[in-house]
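A look at the structure
Chain by chain, the residues:
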Amino acid sequence: MPFSTSVVLSRDVEPAWPDVCVVCEGPAHGATARVLRSPPVGVFSLLVPVLGLFGWARVPVPVCEEGCRGRLRRQAWGRRLLLLGSAVLGFVLAERWGLVGDGGVRGPAVVLGSVFLAVGYGVVRPRWIELGTCRAGHEYEFASPEVAAGFREANREWVVPSWRND
Ligand SMILES: [Zn+2]
């Protein structure tokens, strides 16, 4: 069971956003923050985001001016650092245990296992909002089921039905 709520819209649609801050769920008063949207999973999504290239984009999302923009940015950077830190930690552990460069699979397994823990944390504690691209369209993932429901209602004509957003 996913802990975030996902809404998929057709790619050619500019979404309508309820005037609700995706962070604190209070009124956004028309204020927005730009959120990075990743391209479809594939080789390009593994590259460093190059805006305007490879499908990476920045999308304006309602975020109020009561400090929520900073919270959103800190959360995004915190998650990136967590992911990077977990990879470094896995590597350090693998090296300490003498598994680096021995040609075996245990070294890479330790690194992957460590990264997996960070990814798992992101599933249990989803980001307030995460934007991605899937085969069916653009994916909007919300930590709050209420914000997701409001967004789905505002865009109901463009929602792509799928087992995830029913
Ligand atoms: Zn807010």
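Further up the page is the structure itself.
Residues numbered from 1 in each chain as written. Predicted model: local features only at pLDDT ≥ 70, side-chain atom pairs only at ≥ 80, totals over all residues.

Some details on the nonpolar core
Residues Cys21, Val22, Val23, Val61, Val63, Phe142 and Phe151 are the most contacted members of the largest nonpolar core, which totals 23 residues. Of all the secondary structure elements, the ones that give two or more residues to this core are β1 (5-9), β2 (32-40), α1 (68-96), β5 (138-142) and α3 (145-154). Not counting chain neighbours up to four residues away, the residues in contact with Val22 comprise Val61, Pro62, Val63, Trp128, Ile129, Phe142 and Val147. (Core = buried A, V, L, I, M, F, W, Y, C linked by C-beta atoms within 7 Å. Buried ≥ 20, exposed ≤ 12 C-beta atoms within 10 Å, placed from the backbone. Helix = DSSP H or I, 4+ residues; strand = E, 2+ residues; numbered from the N terminus. Contact = placed C-beta atoms within 7 Å.)

Describing unusual backbone geometry
Unlike most non-glycine residues, Glu25 shows phi in positive territory, near 65 degrees. Within the secondary structure, Glu25 is located in the loop between β1 and β2. Look at His29: it is not a glycine, yet its phi comes out positive at around 50 degrees. Examined against the element boundaries, His29 turns out to sit in the loop between β1 and β2. Owing to 11 C-beta atoms within 10 Å, His29 belongs among the exposed residues under this scheme.

Notes on the environment of Gly30
One can find Gly30 in the loop between β1 and β2. In this structure Gly30 comes out as exposed when scored by C-beta crowding, with 10 C-beta atoms within 10 Å. Placed 11 residues apart in sequence, Gly30 and Asp19 show a C-alpha to C-alpha distance of 6.4 Å.

Some details on the environment of Gln75
Considering the arrangement of structural elements, one finds Gln75 in helix α1. It is 8.5 Å that separates the C-alpha atoms of Gln75 and Trp128, two residues lying 53 residues apart in sequence. Beyond its immediate stretch of four places on either side in the chain, Gln75 contacts Arg127 and Trp128.

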